[in-house]
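Commentary on secondary and tertiary structure
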Amino acid sequence: MGVGWRAGERAHRKQRWSARASLVCVTLAALLPLLYGGLGGVLLLMVGAAGIAVTAAGLWWVLTRRGTARAAAVALAAAAPTAVVAMFAAANLLWVVVLSLTLWVAAVWTGRYALRSTGLRPVRVKEHRTPPPRRPFLVMNPHSGGAKVERFGLKEKAERLGARVVLLDPERPRDVTELARRAVAEGADLLGVAGGDGTQALVAAVAAEHGLPFLVVSAGTRNHFAMDLGLDRDDPAACLDALTDGVELHVDLGFAGGRPFVNNVSFGVYGAVVQSPAYRGDKVGTALELLPELLTGQSGPRLTARAGGTTLTGPQALLVSNNPYRRDDPAGLGRRERLDSGVLGVLGIRVDNAAEAAGLLLDPEAGALTVLTAREVVVDADLPTVDVGIDGEAFVLPVPVHCRIAPRALRVRVPRLRPGVPQPQPRLDWRRVRKLAAAVSRTAVTGRSAGGPGLPG
């Protein structure tokens, strides 16, 4: 028995005891209210669940009412959780709830630790080594992301590295698609953008059309595309290192009604809200003003979406994304694990009343929420056009809107050294945790079986 075997055995022991600790913690978390509160503790937990439901209903009324009714709904949404906490404190069970929640967190952490050590690894985008560009062309928006172009000296650094840079002027709008195509005609061998995701999508489509590499500089406000590429969002200038020391990632590109998108396209409530001229200056106020009619169906089109073999009827909100977003890892919400899976992510929500809003909060897998993937999504409506938000930009498109994905159509050049995309947490599967806790050999670490990588057969 060599060093490798002993290391594997130690790893297996950690895995096994982590799984066992997870099961102990989740059992104690469930039993504590009964052991210390008896039937009253169970009743109080039921009251707690009811409080969550009332809070969700109150929030629904906040979004769908105005005036006095909205003010009353705000008071209800705030009073419900306060009353629940007060009841637990009066029954001297508040510490039990806190301890149960702590044990639940420990159960989740140790369970995921055990599953992380089963040999499962996220699929990484393959890196392609290519020579540096000789005639790079970059479009920069000096006002994007709070003037990051000027603050980080992006124009000067890019020009020192041999790039030709065009600065956009909001006082004199220019067609960035035409700018990119003209640059290609003049011999550019790389196209790049320092700006928002909407501008990036337009130039990315031209790069994909001509088979050229595309450079992303994280100079926008949120930089979602840059984040999912593993780029440094805190130092946009580091993205320019790709011009001299870079590799290529071949990722997917989405299209909605012929318009490209790198992140997502939103239909329904969000698509209608972003159309308002007041949205940029007052996002919350504009949303609260428009949502009552939009959520209750008094305004806006009635949507129908077909994705694969599934039809979504009347969703109030529909999000179609370039690759699916993570859902089971709270730390990874809003991120995509991959950008090269070749499928669109689809998320549809339909909530018709306060009871369904409460049900959605208590059970995210309830029928109000539809989550799936598809290569093509067709969105129709009972009106000739629909308002959409494409990578955060407002558009009006004729129906039906065909959304599709172009697999690995975009060659993105990124720095060889970059932060990278954080590893996603494994899905917490209690059946697998129980099998790991019961394992007695190293097969849980090294085995490959029908039960999945790293599980005993």
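Higher on the page you've got the structure.
As a starting point, this report considers the structure included with it.

1. Quick word on helix 7 (residues 197–210)
- Relative to the 20 Å expected for 14 residues at 1.5 Å per residue, helix 7 spans 20 Å between its end C-alpha atoms, a close match to the ideal helical length.
- Extensive coverage of helix 7 is indicated by the burial of 10 of its 14 residues.
- Every buried residue of helix 7 is listed here: D197, G198, T199, Q200, A201, V203, A204, A205, V206 and A207.
- Directly after helix 7, the chain includes G211, whose backbone phi takes a positive value near 70°.

2. Examining the packing of helix 3 (residues 94–116) against helix 13 (residues 430–438)
- For the pair helix 3 and helix 13, the least separation of the axes is 10 Å and the interaxial angle reads 70°. Judged by the angle between their axes, helix 3 and helix 13 are roughly perpendicular. In the packing of helix 3 onto helix 13, the handedness of the crossing is left-handed. Here W104, A107, G111, A114 and L115 of helix 3 lie close against helix 13, whose contacting residues are W430, R432, V433 and L436.
- A per-class count over the contact of helix 3 with helix 13 returns 7 nonpolar, 1 polar and 1 charged.

3. Here's the deal with the nonpolar core
- Formed by 53 residues in total, the largest nonpolar core has its most connected members in L138, L154, L191, F214, F225, L229 and L410.
- Sort the elements by how many residues they give to this core and helix 7 lands first, with 6 residues.
- Leave out the neighbours within four places in its chain, and L154 touches M140, K148, V149, A194, V217, A219, P236, A237 and L240.
- Counting residues in each nonpolar core, the second largest holds 24 residues, with V265, A305, I390 and L397 among its members.

4. Overview of the environment of Y325
- As for its position among the elements, Y325 is in the loop between strand 11 (317–322) and strand 12 (344–349).
- Classification of Y325 as partly exposed rests on a relative accessible area of 22%.
- Residues Y325 and G345 lie 20 residues apart in sequence; the distance between their C-alpha atoms is 6.8 Å.
- If sequence neighbours within four positions are ignored, Y325 has contacts with N263, N264, L319, G334, R335 and R336.
- Here N264 takes part through its side chain, which lies 2.8 Å from a polar atom of the side chain of Y325.

5. Brief notes about the sheet that holds strand 12
- In space, the 6 strands of this open sheet follow the order 13-12-11-8-15-16, with antiparallel pairing throughout. Pairing within the sheet leaves two strands with one partner each, and these edge strands are strand 13 (369–374) and strand 16 (393–398). Mean inter-strand twist for the sheet, computed between neighbouring axes without regard to direction, equals 20°.

6. Examining the packing of helix 6 (residues 176–185) against helix 7
- Running from N to C, helix 6 and helix 7 cross one another at 30°; their axes reach a closest spacing of 9 Å. The handedness of the crossing between helix 6 and helix 7 comes out as right-handed. Along its contact with helix 6, which presents V176, T177, A180, R181 and V184, the element helix 7 presents T199, L202, V203, V206, E209 and H210.
- Looking at side-chain class alone, the contact of helix 6 with helix 7 contains 6 nonpolar, 3 polar and 2 charged residues.

7. Quick notes on the side chain of N322
- You can see N322 is positioned in strand 11.
- Residue N322 is classed as buried on the basis of its relative accessible area of 0%.
- Polar contacts involving the side chain of N322 include one to the main-chain carbonyl oxygen of D252, which spans 3.0 Å.
- Those residues in contact with N322 that sit more than four places away from it in its chain are D252, L253, G254, F261, V262, N263, R336, L339, V343, L344 and I405.

Calculation notes
Residues numbered from 1 in each chain as written. Predicted model: local features only at pLDDT ≥ 70, side-chain atom pairs only at ≥ 80, totals over all residues. Heavy atoms only, no water. Helix = DSSP H or I, 4+ residues; strand = E, 2+ residues; numbered from the N terminus. Expected span 1.5 Å × (residues − 1). Buried < 20%, exposed > 50% of the residue type's maximum accessible area, 1.4 Å probe, protein only. Axes fitted to C-alpha atoms, helices over the stretch in contact; angles between N-to-C directions. Parallel < 35°, antiparallel > 145°, perpendicular 65-115°, else oblique. Left-handed = near helix turned anticlockwise from the far one by under 90°. Contact = heavy atoms within 4.5 Å. Nonpolar A, V, L, I, M, F, W, Y, C, P; charged D, E, K, R; others polar. Core = buried A, V, L, I, M, F, W, Y, C linked by side-chain atoms within 4.5 Å. Polar contact = N/O pair within 3.5 Å; in protein donor to acceptor, adjacent residues only side chain to side chain. Pairing = 2+ DSSP bridges.

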